[in-house]
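Observations on the three-dimensional arrangement
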Amino acid sequence: MDRLKAMQTFVQIADRGSLTRAAEAQGSSLPAVVRSLAALEAHLGVRLFHRTTRRISLTEEGRRYLDSAREVLAAADAADRALSVDASEPVGHLTVTAPVLFGHMYVAPAVVRFLQRHERVRCSVLLHDRTVNLLEEGIDVGIRISALDDSSLVAQQLGSIRRVVVASPDWLRTHGRPGHPRELAHLNCICVRPNTIAQWVFREDGRRLVVGVRGNIDFNHIAPAIETCAAGAGVGMFLSYQVLPLVAQGRLEILLEAFEAPPRPVSVIYPHARMLPARTRAFIDWMKAEFSGLAL
């Protein structure tokens with residue numbers, strides 16, 4: 001038995017004083033109304049109406065139940081209306097994740113602008129350089145700089161980012177400008193990994209070219225590696241957005257552009273869902289507009 005539907009039928013009968021008129025008001029059949037009332041009375045264990053061939057009237061139990069039924073139906077209606085508003089207007093809590101530096105430089109400012117536009121939304125921004133599992137960690141939306149390999153997620157590409165080799169002007173004056181990626185194997189390279197040996201990937205004549213590099217210093221975080229490179233300690237390979245400010249300032253120069261590997265996609269990702277909350281849909285659309293055509 002659909003208890004809310006049965007309550008609605010009961011209230012219609014009480015308001016209209018007739019099983020037939022209640023059926024007409026609901027667009028239902030008289031037998032369906034009779035069955036619904038009988039099922040409700042059986043569930044409650046009391047008779048709600050006195051019924052004769054000429055008239056129907058509430059019992060004492062029916063009068064008491066009528067007030068409670070009206071309150072329950074009003075509360076259900078209010079809950080439906082509230083969700084309908086939420087479904088069309090961004091409201092509530094949104095959790096977003098992004099890589100640390102890209103999140104700091106690009107995503108966080110975009111989130112601030114989004115919240116200024118949608119004041120009823122509250123946002124938690126989680127910055128990680130590891131691959132975050134959105135479903136397991138309860139995250140609504142992610143920004144990812146890589147191809148998507150999880151079929152449980154949807155990815156919409158925002159743009160692309162290059163992986164570039166850079167060095168400081170001072171270092172280049174002392175050591176010269178390399179003309180081919182293989183020359184890097186004999187130069188001091190600043191690595192971002194737990195040890196001093198790394199493989200940097202390039203493209204030559206449409207084919208993948210891998211060069212093993214090493215250096216006298218390595219980091220587990222990007223920012224100090226970039227600063228060390230800008231200070232003239234060696235050559236580094238970073239994502240383009242990470243070094244563009246220093247390139248613009250003249251502290252770093254991009255090398256070996258003709259050998260760069262294909263750009264990496266930057267995507268907004270989110271779990272498969274038929275009915276995303278309005279806040280999630282609005283945020284996805286916002287990020288697509290913010291980063292439309294992004295090419296760094």
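Located above this text is the structure these notes cover.
Analysis parameters
Residues numbered from 1 in each chain as written. Predicted model: local features only at pLDDT ≥ 70, side-chain atom pairs only at ≥ 80, totals over all residues. Heavy atoms only, no water. Phe/Tyr/Trp six-rings, centres within 6.5 Å; stacked < 30°, edge-to-face > 60°. Helix = DSSP H or I, 4+ residues; strand = E, 2+ residues; numbered from the N terminus. Buried < 20%, exposed > 50% of the residue type's maximum accessible area, 1.4 Å probe, protein only. Patch = residues over 30% accessible without salt bridge, like charges linked within 9 Å, V, L, I, M, F, W, Y side chains within 5 Å. Areas by Shrake-Rupley, 256 points an atom, 1.4 Å probe, with all protein chains shown as cover. Salt bridge = Lys/Arg side-chain N within 4 Å of Asp/Glu carboxyl O. Core = buried A, V, L, I, M, F, W, Y, C linked by side-chain atoms within 4.5 Å. Contact = heavy atoms within 4.5 Å.

1. Points about the packing of aromatic side chains
Within this structure, the stated rule accounts for 8 aromatic pairs. Centre to centre, the rings of Phe102 and Tyr241 are 4.9 Å apart; their planes meet at 80°, and the pair counts as edge-to-face. You can see Phe102 sitting in helix 5 (residues 100-117) and its partner Tyr241 sitting in helix 8 (residues 240-248), a full 139 residues away along the chain. For Tyr241, a relative accessible area of 2% gives the class buried. With a centroid separation of 5.2 Å and 85° between ring planes, the pair formed by Phe114 and Phe283 is classed as edge-to-face. Taken together, the residues Phe114 in helix 5 and Phe283 in helix 9 (residues 278-290) connect sequence positions 169 residues apart. This pair shows no difference in class: Phe114 is buried, exactly as Phe283 is. By way of ring pairs, the aromatic residues Phe102, Tyr106, Tyr241 and Phe291 are connected into one cluster.

2. Structural notes on a nonpolar patch on the surface
Among the surface-exposed residues, Val100, Val125 and Leu127 lie close enough to one another that they form a single nonpolar patch of about 180 Å² accessible area. You can see Val125 is positioned in strand 4 (residues 121-127).

3. Details of the nonpolar core
Soluble globular proteins tend to bury their nonpolar side chains together. By size, the foremost hydrophobic cluster in this structure holds 28 residues, and its most contacted members are Leu94, Phe102, Val107, Ile143, Ile161, Val266 and Phe283. Counting only elements with at least two residues in this core, the list comes to strand 3 (92-98), helix 5, strand 4, strand 5 (141-145), strand 6 (153-161), strand 14 (264-271) and helix 9. For this core, the leading source of residues is helix 5, giving 5 residues. Aside from chain neighbours lying at most four places away, what touches Val266 is Phe102, Ile143, Arg144, Ile145, Gln156, Gln157, Leu158, Gly159, Ser160, Ile161 and Leu294. Core analysis: the second largest hydrophobic core is formed by 19 residues, Ala6, Met7, Leu19 and Ala22 among them.

Treat this as a map of the structure, not an account of what it does.
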